[in-house]
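Observations on chain architecture
Single-letter residue listing:
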Amino acid sequence: MFSKRIAYLLMAVFAFLAISALIVNMPEKKNQQVIEKIKPYFPYEMTKTLGGLDLIDKRTGDKLKLDNAKVFLAYDNYLKKWGKTHLKLEGNRLIILDDNGSRIDAMELNPGQLSFVQEFFFKAPTQ
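Attention in this report is confined to the structure presented alongside it. Small disclaimer: the values here were computed from a predicted structure and weren't measured. Chains are numbered independently. Their residues run from 1 in the order of the written sequence. Predicted model: local features are reported for residues with pLDDT of at least 70 only, side-chain atom pairs are reported and counted for 80 or more only, and whole-chain, interface and lining totals are derived from all residues. With hydrogens and water set aside, each side-chain value is computed from the structure's full complement of heavy atoms.

As a further point, take the overall build of the chain. Only DSSP runs of H or I reaching four residues or more are called helices, and only runs of E reaching two or more are called strands; each is numbered from the N terminus. Helices and strands together make up the secondary structure of the chain, namely 4 helices and 5 strands. Going from the N terminus to the C terminus, the chain shows its helices and strands as α-α-β-β-α-β-β-β-α. For 127 residues, the compact-globule formula gives about 14 Å, and the C-alpha radius of gyration of the chain, at 20 Å, lies well above that figure. Each principal axis of the C-alpha distribution contributes one length, and for the chain these read about 70 × 35 × 25 Å. When each of the 127 residues of the chain is scored for burial, the buried share is 28%. Note on contacts: a residue pair qualifies if any of its non-hydrogen atoms lie within 4.5 Å across the two residues. Considering only intrachain contacts with a sequence separation of at least 6, the fraction spanning at least 24 residues in the chain is 45%. Only the protein chains shown count as cover for residues, with accessible areas throughout obtained via the Shrake-Rupley method and a probe of 1.4 Å. A total accessible area of about 9000 Å² is found for the chain, and carbon and sulfur atoms account for 59% of it. Of the charged side chains in the chain, 19 are positive and 14 negative, and the gap between their average positions amounts to 8 Å. With C-alpha atoms as the basis for the radius of gyration, the globule rule is written as 2.2 Å multiplied by the number of residues raised to the power 0.38. For every residue, the accessible area (1.4 Å probe, protein chains only) is compared with the maximum for its type, and the residue is labelled buried under 20%, exposed over 50%, or partly exposed between those bounds. When charges are counted, Lys and Arg contribute as positive and Asp and Glu as negative, whereas His and the chain ends are disregarded. Working definition for charges: the position is that of NZ of Lys, CZ of Arg, CG of Asp or CD of Glu.

Working definition: two side chains of opposite charge can pair if their charged atoms are close together. For this analysis, a salt bridge means a side-chain nitrogen from Lys or Arg found within 4 Å of a carboxyl oxygen belonging to Asp or Glu. Applying the stated criterion across every chain yields a total of 7 salt bridges. A salt bridge links E36 to K39, with the shortest nitrogen-to-oxygen separation between them at 3.7 Å. The class for K39 is partly exposed, based on a relative accessible area of 40%.

Okay, structure coming up:
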């Protein structure tokens with residue numbers, strides 16, 4: 001019934017779709033030292049569940065129940081939104097603020113970290 005060509009074509013199409021879905025849903029590259037510094041203050045946490053990964057709001061304990069393929073993108077999106085209101089740059093110093101705008105921590109940034117913070121948190125998204 002089916003020829004080998006059709007079977008190879010179907011395998012190629014499915015492989016292409018799987019790879020393109022993987023690439024589209026990849027999280028952005030992050031500077032680990034900066035992320036580790038702000039992680040205790042960030043109100044969302046990624047956790048493993050029976051069905052994969054999910055985000056939990058640390059303030060309320062509520063699960064956000066996101067599509068597994070979109071968890072990393074949602075995490076980045078929440079991190080960027082939080083960073084716009086809770087992070088401030090003063091020269092090469094990153095200031096971490098609480099919900100009231102009071103300073104709770106700070107970090108000296110090297111040029112690579114400074115570049116990451118400017119690009120990730122403060123650059124307007126391109127569309």
